Amino acid sequence: MLEILQKLVGTEHVWAEEPMKDHTTFRVGGPARYLAEPKDTKELAAVIGACTKAGMPFTVMGNGSNLLVSDAGYNGVIIRLFKNMSHIWISGHFMILEAGALLIRAASMACREGLAGLEFASGIPGTVGGALVMNAGAYGGEMKDIVCCVKVLSKDGALREYTKEEMDFGYRRSRIAEEGSIVLEAELRLCPGTTEEIRARMEELKEQRVRKQPLEYASAGSTFKRPEGYFAGKLIEDAGLRGFRIGDAQVSEKHCGFVINRGNATASEIAELIRQVQERVYAAFGIRLQTEVKFLGFGGEPL
Ligand SMILES: Cc1cc2nc3c(=O)[nH]c(=O)nc-3n(C[C@H](O)[C@H](O)[C@H](O)COP(=O)(O)OP(=O)(O)OC[C@H]3O[C@@H](n4cnc5c(N)ncnc54)[C@H](O)[C@@H]3O)c2cc1C
């Protein structure tokens, strides 16, 4: 399989037994049997074709900023859509981005060009692909507010283009996750603004993040979705779990909605901490917290 992948994407874009702790913001995770980084849709489709033919499981990732990979790793091919597929074009008020482009880079480009609308995303450390799958959002903005259309490779191998309406966005969800298609490219509609005003708004949001979030530790951002009518962090705090710790996995003392890795946490410790938080919040308030973080390589149901 290694040779096949090397032929398809080039030897310098494939790794065997690659530790996923080096590719996730949680800084945990065992080896991916193979990690491959295609540079275009043709290579991506070829890798998927090769996996299917060989009966090899495969999955897609971006920057690994919403991902908990198990200590055992992933016994298949992880296809990483990242730097090799990260072009950004600007045409008038429109921005076209390949799936691997980082939101942070897109936001600063938009700022330089005097295009407003992406400020909310300027502190989200994910790719456009990862952000569209879960309709990433912050400080009152969401991807759905600025998306015009999205190009995907569907499960049956067809290239499709979805309008914003067809994306069926909801709170931290879109049709992409449900149907298992892969985001290739997106077109965003921004609006004219001044670089100074846009920069000021981005700075303001950055200050809020630094003040409220435990950015000094490895994490995957907010661990749980917001249950309707509540805040996950507040429920966790009220359940007496501020600072609750298993090994080096901890409910952040600064922001209870974040599970952090204090340095040497394992994926099992993080997963167990998440499970216990869910259990104790349910016991205290009858509310089931659902994870925003995606699990890979654990087997069975997502937590
Ligand atoms: C410090 C910090 C702060 C954060 N703040 C926020 C925030 O304010 N708001 C917010 O919404 N999130 C936030 N996050 C979480 C995370 O950055 C977002 O969820 C981001 O959109 C994930 O993108 P990614 O490229 O890292 O995806 P990954 O973590 O690599 O993948 C996440 C999921 O998306 C799927 N996926 C990735 N790329 C594609 C693709 N091209 N096609 C199909 N599926 C794909 C993967 O299979 C996986 O299921 C934060 C994370 C951190 C570490």
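As the structure is a prediction and not an experimental result, all values here were calculated from the model.

### Some thoughts on the site of the ligand
- The environment of the ligand is made up of 33 residues, and the closest members are Val60, Gly62, Ser65, Thr127 and Gly137.
- Protein contact buries 91% of the 970 Å² of open area that the ligand shows by itself.
- Elements with a minimum of two residues in the shell around the ligand: strand S3 (58-61), helix H4 (128-133), strand S9 (137-138), strand S13 (182-189) and strand S15 (218-222).
- The leading source of residues in the shell around the ligand is H4, at four residues.
- Taken together, the residues of the shell around the ligand sort by class into 16 nonpolar, 14 polar and three charged.

### A look at unusual backbone geometry
- At Arg27, a position not held by glycine, the phi torsion is positive, near 60°.
- Locating Arg27 in the fold gives a position in the loop between strand S1 (14-19) and strand S2 (31-36).

### So, the sheet that holds S1
- Here we have four strands laid out as an open sheet, ordered S1-S2-S5-S3, and mixed in their pairing. The sheet is open, and its two borders are formed by S1 and S3, each paired with just one other strand. Neighbour-to-neighbour, the strand axes of this sheet turn through a mean angle of 35°, independent of strand direction.
- Both S3 and strand S5 (residues 74-80) contribute to a ladder of four bridges, which runs parallel. Across the sheet, the residue bridging to Val60 is Ile79, located in S5.
- Docked against the sheet, helix H1 (residues 2-9) engages S1, S2 and S5, running at close to 125° with respect to S1.

### Overview of the state of the cysteines
- All told, the structure shown has zero disulfides when counted by the stated rule.
- The thiol sulfur of Cys148 is not disulfide-bonded, and the nearest other cysteine sulfur, from Cys149, lies at 5.9 Å.
- Given a relative accessible area of 16%, Cys148 falls into the buried group.

### Some remarks on helix H6 (residues 195-212)
- Over its 18 residues, H6 extends 26 Å from the first C-alpha to the last, a length consistent with the 26 Å expected when each residue adds 1.5 Å.
- Residues Thr195, Ile198, Met202, Leu205, Gln208 and Arg209 constitute the buried set of H6. Looking straight down H6, one finds that the buried residues subtend no more than 155° of arc, so they occupy a single side. Set apart from the buried face of H6 by more than 90 degrees, the exposed residues are Glu196, Glu197, Glu207 and Arg211.

### Re the domain arrangement of the protein chain
- According to the domain assignment, the protein chain consists of domain 1 (2-83), domain 2 (86-197) and domain 3 (214-296).
- On a C-alpha basis, the centres of domain 1 and domain 2 stand 22 Å from each other.
- Residue-level contacts link 12 residues of domain 1 with 13 residues of domain 2.
- Of the roughly 920 Å² buried between domain 1 and domain 2 on both sides combined, carbon and sulfur atoms contribute 69%.
- The three residues of domain 1 that bury the most area against domain 2 are Thr41, Leu81 and Phe82, which together make up 39% of that side's buried surface.
- Taken together, domain 1 and domain 2 are joined by zero salt bridges.
- Here domain 1 and domain 2 share three residue pairs in polar contact (both at pLDDT 80 or more) between them.

### Notes on the sheet that holds strand S16 (residues 245-246)
- With antiparallel pairing, the four strands of this open sheet are ordered in space as S15-S18-S17-S16. What marks the edges here is a single partner per strand, and that holds for S15 and S16.
- Against the sheet, helix H8 (residues 267-285) touches S16, strand S17 (249-251) and strand S18 (258-261), its axis set at about 30° to S17.

### Focus on the nonpolar core
- Core analysis: the biggest nonpolar cluster contains 51 residues, and Val77, Met95, Leu118, Leu132 and Met143 have the highest contact counts within it.
- In this structure, this core is formed jointly by two domains, domain 1 (2-83) and domain 2 (86-197), each of which donates at least three residues.
- Sequence-distant contacts of Leu132, that is, excluding residues within four places in its chain, are made with Met143, Val147, Val150, Met167, Phe169, Ser174, Val183 and Ala186.
- Residues Phe244, Ala267, Val277 and Ile287 belong to the second largest nonpolar core, which totals 27 residues.

The rules behind the values
Residues numbered from 1 in each chain as written. Predicted model: local features only at pLDDT ≥ 70, side-chain atom pairs only at ≥ 80, totals over all residues. Heavy atoms only, no water. Near = heavy atom within 4 Å. Areas by Shrake-Rupley, 256 points an atom, 1.4 Å probe, with all protein chains shown as cover. Helix = DSSP H or I, 4+ residues; strand = E, 2+ residues; numbered from the N terminus. Nonpolar A, V, L, I, M, F, W, Y, C, P; charged D, E, K, R; others polar. Pairing = 2+ DSSP bridges. Axes fitted to C-alpha atoms, helices over the stretch in contact; angles between N-to-C directions. Contact = heavy atoms within 4.5 Å. Disulfide = S-S within 2.5 Å. Buried < 20%, exposed > 50% of the residue type's maximum accessible area, 1.4 Å probe, protein only. Expected span 1.5 Å × (residues − 1). Arc of directions from axis to C-beta. Domains from an automatic or database assignment. Buried area = accessible area lost by both parts, 1.4 Å probe. Salt bridge = Lys/Arg side-chain N within 4 Å of Asp/Glu carboxyl O. Polar contact = N/O pair within 3.5 Å; in protein donor to acceptor, adjacent residues only side chain to side chain. Core = buried A, V, L, I, M, F, W, Y, C linked by side-chain atoms within 4.5 Å.

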